[in-house]
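Chains, contacts and geometry: an overview
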Amino acid sequence: MFQDDPFLMPRNAANSRLYAVSKESGRNAAKYIIKNFPQYFDKTFAEPNVPSLMPQPVTPRAEGVSEEALRERVHLRMVKESVDMFDQLLQAGTPVSLETTNSLLDLLCFYGDGEPTPEKEQEEKEDLEEPGVDASEQKAPKRQFRRGAQPGPRWRENNHAERIFKIMPERNAHSYCTMIRGMVKHGAYSRAYDMYIDLLNERHKADVHTFNALIRAVPYLKDKFVERWELAKDLLTHMAQQKVQPTLLTFNSVLKSLRRCGGVGRSMSLFVLKEMEALDIEPSLASYDHLLSVYYRGVEAQSSDIISEVLNEVEKRSFTAQDPDDANFFNTAMQVCCDLKDIKLAYQLNRALEKGDNWKFLDVDRSNGYWSKFFSLLCMMEQIEVVLKWYKEMSPSVFYPSPKNILDLLQALDAANQLEVIPSVWEDVKQLGFSRRQDLLEEFLSLMSREQHPSEVQLAFAKCAEEIKGVHEPAGPGQVPLEWTGSALGHVVVLLSRAGRTQDAWNMMEHFQKINRIPTDKVMDEFLSCAKQNNCPDEAIKMVKLAASLGLPLSQRLKSRTEEEFELSETQKKALESIRWDGDSSDSDSSDSDRE
């Protein structure tokens, strides 16, 4: 997908997604140019000319006002031109056939009475999550949030589709079914159900696609969970009465609606799967995705029985795409594994993903989300050796770690007492572009400065601290430096002091007064120990002066340590004695508090 050039390789998940969609964006741009400037693309230079490989015509060839011209504009998905042509035919008194009028209704209902765009050509996905779903049969609010929905009007009242439908001299089942599906697609659920009642009153029969759409609309038509299930059962009964054979998408629509039925959904979903088995319909990944959401989303997940049975079935098959929601299964299942904190189930899910072509269900975004959740679970449940093995194998070839993944890895290193690995993780953080994340910087500095380590490790930590210090300093025009916090500044001083870099540590100590912060006792003791190790009495005296100027109770003890641990010259002794102490310093707040 990406150029084999280090400079062009994406550094993080955001860049990866940007690069992945750029190709499709280029296609859309080319379609836009061809559509709006067709006069520049009227010559064919290919020899031999293969019509099936040539661009499809985007301008109508039929001229004048005729039904043939209307059909051509409908075929080219020219919404406004098609409506105008239809109105001109009516004004001229030319009858339009039922078949052509139904084709126009199909176009209007699909695009919601608006012009087609690349965004509209993709089916909008309903946001199925309903936070705080209670198992009781209380009223649940109707939610019409949509994931990835484009802003703009939905189904407008008395739009062109409704107007044309009302003036049709003859309507058949196709006319009603098209209107129902269009209303459901664009959020007019109540109007769609009313249209279905009109269809029944006219003694027409709905097709399976119309029933599927109505079943998906059930959660928006009724408030109580039981009422939703009863309405879904009524629609299924109507299908049987009209001798409409249910399909996989029918049962998936039922399961999708049961996700918004609380405890009723959990009690009925397994019966739906048994009915599918009785009709010899194999569940798709979307079926299992809805089942997992019914049992595990929005409730206290205690048992792993359902997901274990699901994974046992999924692991046996290589799936093909049959439902738009198939692609959601693996991310949903991995989230359940994380909620259950069950690493064995996660490994089993990985094996199912590797079965046949199942991996194709993960696009760039879903793949990164899937492996990110898996890695967080590894950090929580596995030994550190296993975690690091997976980390080296997966990053960045399989996924790009998120800031949360880095925090999880740092916590795993801390729990396993493997903090010497932190410098290599810091290099990855710089590569990922997270070196300006304040929460990450604080965690890195806190872990590195918490305990004393061997000299080689301390030198590596000091190098990391130096680079973190650079992030807080102006680097060039247009780049705003991060603001120092008292804790981060103290950690940097400690790390530089333990590496024996006395002058650099003192330069950082001077920042405390500049940013109006007070160093902790630990910071000043570490600096004084560094000054002693490098025999720098002048810096020790500066430290005592700084503590005294801040009125810290620790200043007297620092003075005593300086007198006892350093060989001072007469000039230095006089300088130390000349320091004035704040007599009320003993009543001041403890210097252990890091004032932010």
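Residues numbered from 1 in each chain as written. Predicted model: local features only at pLDDT ≥ 70, side-chain atom pairs only at ≥ 80, totals over all residues. Heavy atoms only, no water.

1. Structural notes on the overall build of the protein
A count of helices and strands for the protein gives 28 helices and two strands. Considering the protein as a whole, with its 596 residues, one finds that 46% of them fall into the buried category. A total of about 31500 Å² of accessible surface is found on the protein, and carbon and sulfur atoms cover 50% of it. (Helix = DSSP H or I, 4+ residues; strand = E, 2+ residues; numbered from the N terminus. Buried < 20%, exposed > 50% of the residue type's maximum accessible area, 1.4 Å probe, protein only. Areas by Shrake-Rupley, 256 points an atom, 1.4 Å probe, with all protein chains shown as cover.)

2. Some thoughts on the confidence of the model for the protein
The share of residues in the protein with pLDDT of 70 or more is 87%, and the mean pLDDT across the chain is 84. Mean pLDDT across the elements of the protein bottoms out in strand S1 (residues 125-126) (36) and peaks in helix H10 (residues 248-258) (96). Throughout residues 122-153 the model reports pLDDT below 50, and contacts reaching past four residues in sequence, or to other chains, amount to 70 contacts. (pLDDT = per-residue confidence, 0-100. Contact = heavy atoms within 4.5 Å.)

3. Overview of unusual backbone geometry
Pro396 follows Ser395 through a cis peptide bond whose omega is -5 degrees. Tracing the sequence through the fold places Pro396 in the loop between helix H17 (384-394) and helix H18 (403-415).

4. Quick look at the packing of helix H13 (residues 305-314) against helix H14 (residues 329-340)
At a minimum axis separation of 12 Å, H13 and H14 run at an interaxial angle of 140 degrees. Considered as vectors, H13 and H14 are oriented oblique to each other. Crossing of H13 against H14: the hand is left-handed. Residues Ile307, Val310, Leu311 and Val314 of H13 touch H14, and the partners they reach there are Phe329, Ala333, Val336, Cys337 and Leu340. Partitioned by chemical class, the residues of the contact of H13 with H14 number nine nonpolar, no polar and no charged. (Axes fitted to C-alpha atoms, helices over the stretch in contact; angles between N-to-C directions. Parallel < 35°, antiparallel > 145°, perpendicular 65-115°, else oblique. Left-handed = near helix turned anticlockwise from the far one by under 90°. Nonpolar A, V, L, I, M, F, W, Y, C, P; charged D, E, K, R; others polar.)

5. What about helix H8 (residues 208-221)?
In this model, H8 (14 residues) spans 19 Å end to end at C-alpha, consistent with the 20 Å of a helix rising 1.5 Å per residue. Where H8 bends most, at Ile215, the angle is about 25 degrees, and the proline Pro219 comes one to four residues later. Along H8, the residues that are buried comprise Val208, Thr210, Phe211, Asn212, Ala213, Leu214, Ile215, Ala217, Val218, Pro219, Tyr220 and Leu221. (Expected span 1.5 Å × (residues − 1). Bend = angle between axes of the 7 residues up to and from the residue.)

6. Describing the packing of aromatic side chains
Per the counting criterion, the structure on display carries 16 aromatic pairs. Centroid distance Phe165 to Tyr176: 5.1 Å. Interplanar angle 80 degrees. Geometry classified as edge-to-face. Within this pair, whereas Phe165 is found in helix H5 (residues 160-167), its partner Tyr176 is found in helix H6 (residues 173-185), the two being separated by 11 residues in sequence. Summarising the burial analysis for this pair, Phe165 and Tyr176 share the class buried. Aromatic side chains Trp371 and Phe374 sit 5.7 Å apart centroid to centroid with 80 degrees between the ring planes, which places their arrangement in the edge-to-face category. Highlighted residues: Trp371 and Phe374, both in helix H16 (residues 364-381), separated by three residues, approximately one helical turn. Just as Trp371 is buried, Phe374 falls in that class too. Three or more aromatic residues link up through ring pairs in this structure, and these residues are Tyr347, Tyr370, Trp371, Phe374 and Trp390. Over the face of the ring belonging to Phe165 we find Arg171, whose NZ or CZ atom lies 4.7 Å from the ring centre. Residue placement shows Lys185 over the ring face of Phe110; its charged tip is 4.1 Å from the ring centre. (Phe/Tyr/Trp six-rings, centres within 6.5 Å; stacked < 30°, edge-to-face > 60°. Lys NZ or Arg CZ within 6 Å of the ring centre and 35° of its normal.)

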